[in-house]
Amino acid sequence: MLTRVSLTGSLGLALLAATAFPALAQDRGGSLAQAEWAQNYDSAATMRVQRSNTPILSPQTLAATEQMVERYRDIVARGGWQAVAGAERLRVGSKSPAVTALRQRLIVSGDLDPAAGSSPVYDSYVEAGVRRFQARHGLNQTGAMNVTTVQAMNVPADVRLRQLELNAVRLRSYSGNLGERYVIVNIPAALVETVDGDHVATRHAAGVGKIDRQSPIMNAKIQEVNFNPYWTVPASIIKKDLIPKMQKDPAYLTDNKIRIFNGDREIPPSQVNWHSDEATRYRFRQDPGVDLNSMGFVRINIPNPHGVYMHDTPAKGIFGDDFRFVSSGCVRVQNVREYVSWILQGTPNANPDTIEAIIQGGQRVDARPVAPIPVYWTYITAWSTPDGLVQFRDDIYKRDGAGAPTASMAAAAAGPRNFNPDAPDDDQTN
């Protein structure tokens, strides 16, 4: 528990930032023990974020989150932080009263050392603090201010406190034995973790369900890996996507190697009335192929009542976006070769050279892990790691009820930098 002191206002909050976040404050020797963000104010330009190897679903994360709840209660009791205004275009070299306000905002949340001062100049220290803030909120670490960063900064401290309190309860629900080897999909973070024992083995950016086609919260087991799979298009996507695309571009199916079947008989697209619902009576199947198939070169089969799965994607550009809520419920995995190799550890197909040979062969190959691997699709929007770093993500599916505006909504409105709306989509079917 923190010791309460009588200091109030910005001075009290600045001291609180230095004392309540010991892993974030710079010690007198200039080092930071066990900090994910190695703050070195002698060379701010070299600051970088290092990921924790503590799984998000772990007793250590729960304990750290419960401690962070107490720290945020103190921040709220001291008045929280002030909103920043006129900061959307600030970057290194900018000079503005808004920079002074930005410094104070970063100091209160522990992203900037109080010794950095109150200069109105956006220097390398402010840039490093902004990068750190962006890293804690799942944003691209540009070090420059933008609309999504400002929106995340302006979520009130009491809302962040409610997020932490709610997510501590969620984390507590996973306090049982999750398995020796397991996978975590954190939907709001659009992130996949593989876990061996008590540490993260690999970590992957992910593309998860759209706001109107949400990825489900569920527990399942990885039973099989399907290399070079076909993709069977479900009725929902036929109706919502394929029919409108064919009305605009009659060559769409052919260009994307999607075939139409009436039973076992293939029929040409020209025989279908695309201005009716006739297409919903047929089966659509996309040929295997890394470049076009919506599942890329591999599908990870996790039998479940929702019919969702995990897979590769030809649209690799999404993994560089802040907003990765782009699928129809399934989870697209970055660097899926590494993920598949981890799944298949202990089998002949785990070798990267073997995986590459299977991909290049182009034939359907099914491989099973040594034993089914538990996979947990979770919804965690706030958590802390044992070194004192607190993370927040947008409540993209509005499950928190905390009232926080979502920076991801702004990103969605603006459009992801690399998102291709015409790229084939995945969906909830085999």
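Starting from 1, residues in each chain are numbered consecutively following that chain's sequence as written. Reporting of local features is limited, given that this is a predicted model, to residues whose pLDDT is at least 70; pairs of side-chain atoms are given and counted only at 80 or more, and all residues count toward the totals for whole chains, interfaces and linings. Only hydrogens and water are removed before side-chain values are computed, so all heavy atoms of the structure are retained for them.

Per an unreviewed UniProt entry, the recorded name for the protein is Amidase, and the organism is Methylobacterium aquaticum. UniProt positions are given in the numbering used here, feature names are shortened, and annotations may be inferred rather than shown by experiment. Recorded in UniProt for the protein, the comment headed Sequence similarities (unreviewed entry) runs: "Belongs to the YkuD family." Checking UniProt for the protein, the heading Pathway (unreviewed entry) contains the comment "Cell wall biogenesis; peptidoglycan biosynthesis."

**Observations concerning helix α4 (residues 124-136)**
Since the α-helix advances by 3.6 residues per turn, residues separated by three or four positions end up pointing in the same direction. Strands here are runs of E lasting at least two residues and helices are runs of H or I lasting at least four, both read from the DSSP assignment and numbered beginning at the N terminus. To estimate the expected span of a helix, subtract one from its residue number and multiply by 1.5 Å. Between its terminal C-alpha atoms α4 stretches 18 Å, which fits the 18 Å expected from 13 residues at 1.5 Å a residue. The classification of residues rests on relative accessible area computed with a 1.4 Å probe and restricted to protein chains. Under 20% of the type maximum is buried, over 50% is exposed, and intermediate values are partly exposed. Taking burial as the measure, the 13 residues of α4 include 10 buried ones, the bulk of the element. Under this definition, polar contacts are N or O atom pairs within 3.5 Å; protein pairs additionally need one hydrogen-donor-capable and one acceptor-capable atom, and for neighbouring residues in sequence, both atoms have to be side-chain atoms. You can read the cap of α4 off the contacts: a side-chain oxygen lies 3.1 Å from the backbone nitrogen of Tyr125, and it is on Asp123. Directly after α4, the chain includes Gly138, whose backbone phi takes a positive value near 70 degrees.

**Comments concerning the UniProt feature "active site" (unreviewed entry) in the protein**
Residues annotated by UniProt as "active site" (unreviewed entry) correspond here to His311 and Cys330. A stretch of 20 residues holds the annotated residues, and the largest C-alpha distance among them is 7.8 Å, short enough that they meet in one place. Tracing the backbone shows His311 in strand β11 (residues 310-311). Turning to its location among the elements, Cys330 is positioned in the loop between β12 (325-327) and β13 (331-333).

**Regarding the sheet that holds strand β9 (residues 283-286)**
Strand pairing requires that DSSP identify at least two bridges connecting the strands. Strands sit in the order β6-β9-β7-β8 across an open sheet of four strands; the sheet is antiparallel. On the outer flanks of this sheet lie β6 (231-233) and β8 (265-267), each paired with one strand and no other. Direction aside, neighbouring strands of the sheet carry axes that sit 40 degrees apart on average. Looking at chain direction, strand β7 (residues 258-262) and β8 are connected through three bridges and run antiparallel. Residue Phe261 lies in a different strand from β8, and its bridge partner there is Glu266. Interaxial angle, 0 to 180 degrees, is taken between N-to-C directions of lines fitted to C-alpha atoms, where a helix line uses only the stretch in contact.

**Brief notes about the side chain of Gln391**
Mapping Gln391 onto the fold places it in strand β17 (residues 390-392). For Gln391, a relative accessible area of 11% translates into the label buried. Among the polar contacts made by the side chain of Gln391, one reaches the side chain of Arg393 at a distance of 2.9 Å.

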